[in-house]
Amino acid sequence: MNDDEKWMQVALKEGCKAVGLCSPNPPVGAVLVKDGVELSRGHTQEVGGNHAEREVLSRVAEGEARGATIYVTLEPCSTQGRTGACVNYLMEAGVSRVVYGVKDPNPDHGGRADGILGKVGVEVCSGVCEEECAQLVRAFTMVQNEGRPWVIAKSAMSLDGRITRRPGEGQWLTGEEAREGVQELRGEVDAILTSGETLRQDDPALTVRSEAVCESKKGVLRVVVTREGVNESDYQLFKDEFREKTVVFEKVELYDVLRTLARDHGVNTVLLEAGGSLLGEFSDQALIDEWIIYLAPLVCGGPKVGLAGDGAGSLEERISLEKVMVKQVGGDLCARGVVSREGRRALERS
């Protein structure tokens, strides 16, 4: 690992701190270095606050950044938004070298920083730890490219693929450690989406209940999709302290639901927590980008499967996962992977 890669790893760790906290902006990390010594580090703040570059510069004295190198996971923005263009802050601070990981997928910015900075003599180096940096902003990239959020499907099931236990045995298949992992996962996303059926059966809270997640994430946006409508007076989603952050879509196509969440609610990432029927619909429509599956050491049987829908008609149509990680969580197993789009025919959408 060379010095650029070493410092970019520091920026990546910093960027992870912004995940789930700064949408619709992307999570970005940065570190400012001079003569091999770190001057400051920072990440994108909540929307309307500093981008990572300005956050880093705000933590050093005036003139201290002159001649320094900044490592940033995403290409610095070059247009005025809620805040000023980051390339301008870098030039004003006198930074002599900019190293970034991945090109900005926003067409208003993408590829412009190199020319702007180069014209004033700032050296630019791109593509350092590119794959890891792209992974960090995958949800933002999805919104920019497809106009919809990145969708993470979460399911907990028995070894035989069932999602419920017999009546009277309680609703949980997995142990406390796995349930805590789900709470932390909720802290990574902008919205939790469930079905009217799950709402009627479980009356879920869909809040973030983990001390590991910052207080500002406790009231994540809750989304219900339903064909039959719901009686709001029956469920806690519409009566608790976060009731203003509950949205219902009745008889709306799933793709349109996602586009509305991105456009009107600034959602970059959706966590899909529902039964097998809705999971199957999302899967059949190629709207799931990442899977997180908890496997409990149980064999339950019964009709309620973890994933329904039409499913794959052949081996060629099956869903393959990449970047798969499997770990033991208490007495359960957790597998997490990204859906591979290679070789799969893209659905045509209007």
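As the structure is a computational prediction, the values presented were derived from the model and not from experiment. (Residues numbered from 1 in each chain as written. Predicted model: local features only at pLDDT ≥ 70, side-chain atom pairs only at ≥ 80, totals over all residues. Heavy atoms only, no water.)

A. Region of the structure containing the overall build of the protein. Scanning the protein from N- to C-terminus turns up 10 helices and 13 strands. Computed over C-alpha atoms, the radius of gyration of the protein comes to 22 Å, within 12% of the 20 Å expected from 2.2 N^0.38 for 350 residues, which places it in the range of a compact globule. Along the first, second and third principal axes, the C-alpha set of the protein runs to 70 × 45 × 45 Å. Counting the 350 residues in the protein, one finds 49% classified as buried. A separation of at least 24 residues holds for 74% of the contacts in the protein among residues at least 6 apart in sequence. Carbon and sulfur atoms provide 46% of the accessible area of the protein, an area that totals close to 17,200 Å². Averaged over its 42 positive side-chain charges, the protein has a centre that lies 1 Å from the centre of its 56 negative ones. (Helix = DSSP H or I, 4+ residues; strand = E, 2+ residues; numbered from the N terminus. Rg over C-alpha atoms; globule rule 2.2 N^0.38 Å. Buried < 20%, exposed > 50% of the residue type's maximum accessible area, 1.4 Å probe, protein only. Contact = heavy atoms within 4.5 Å. Areas by Shrake-Rupley, 256 points an atom, 1.4 Å probe, with all protein chains shown as cover. Lys, Arg positive; Asp, Glu negative; His and termini not counted. Charge placed at Lys NZ, Arg CZ, Asp CG, Glu CD.)

B. Expanded view of the environment of Arg179. By the element assignment, Arg179 lies in helix α7 (residues 176–186). The partly exposed category is assigned to Arg179, whose relative accessible area is 25%. For Arg179 and Arg209, which are 30 residues apart along the polypeptide, the C-alpha to C-alpha distance reads 10.0 Å. Dropping the residues within four chain positions of it, Arg179 is found in contact with Trp172 and Thr174.

C. Region of the structure containing the sheet that holds strand β10 (residues 269–273). Taken in spatial order, the 8 strands line up as β9-β8-β7-β10-β6-β11-β13-β12 in an open sheet, and their pairing is mixed. Two strands lie at the open edges of the sheet, namely β9 (246–250) and β12 (321–329), each paired on one side alone. Adjacent strand axes in the sheet meet at a mean angle of 20 degrees, parallel and antiparallel pairs treated alike. Pairing analysis gives 3 bridges linking strand β7 (residues 191–195) to β10, with the strands arranged parallel. By the bridge assignment for β10, Leu193 is matched with Leu272. The strands touched by helix α9 (residues 254–265) within the sheet are β6 (150–158), β7, β8 (221–226), β9 and β10, with β8 carrying the most contacts at an inclination of about 155 degrees. (Pairing = 2+ DSSP bridges. Axes fitted to C-alpha atoms, helices over the stretch in contact; angles between N-to-C directions.)

D. Summary view of helix α3 (residues 86–93). Here α3 has its buried residues at Cys86, Val87, Tyr89, Leu90 and Ala93. One face of α3 carries all of its buried residues, which in axial projection span an arc of 160 degrees. Just beyond α3, the residue with positive phi is Gly94, at close to 80 degrees. (Arc of directions from axis to C-beta.)

E. Structural view of the side chain of Arg336. Within the fold, Arg336 resides in strand β13 (residues 332–339). Assessed through its relative accessible area of 19%, Arg336 is described here as buried. Separated by 2.7 Å, the side chains of Arg336 and Glu290 make a polar contact. Apart from the residues within four sequence positions on either side, Arg336 is in contact with Arg138, Ile152, Leu185, Glu188, Glu290, Trp291, Ile292, Lys323, Val324 and Met325. (Polar contact = N/O pair within 3.5 Å; in protein donor to acceptor, adjacent residues only side chain to side chain.)

F. Fine view of the side chain of Ser155. Secondary-structure assignment places Ser155 in strand β6. Look past the residues within four positions of Ser155 in its chain and what remains in contact with it is Ile163, Leu279, Ile292, Ile293, Tyr294 and Gly306.

G. Local environment of the pattern of salt bridges. Under the defined criterion, the tally for this structure stands at 17 salt bridges. The salt bridge involving Lys17 is made with Glu14; its shortest N-O contact spans 3.2 Å. Judged by relative accessible area, which is 47%, Lys17 ranks as partly exposed. According to the relative accessible area criterion, Glu14 is buried, its value standing at 3%. Here the salt bridges do not stand alone but share partners, grouping Arg138, Glu188, Glu290 and Arg336 into one network. (Salt bridge = Lys/Arg side-chain N within 4 Å of Asp/Glu carboxyl O.)

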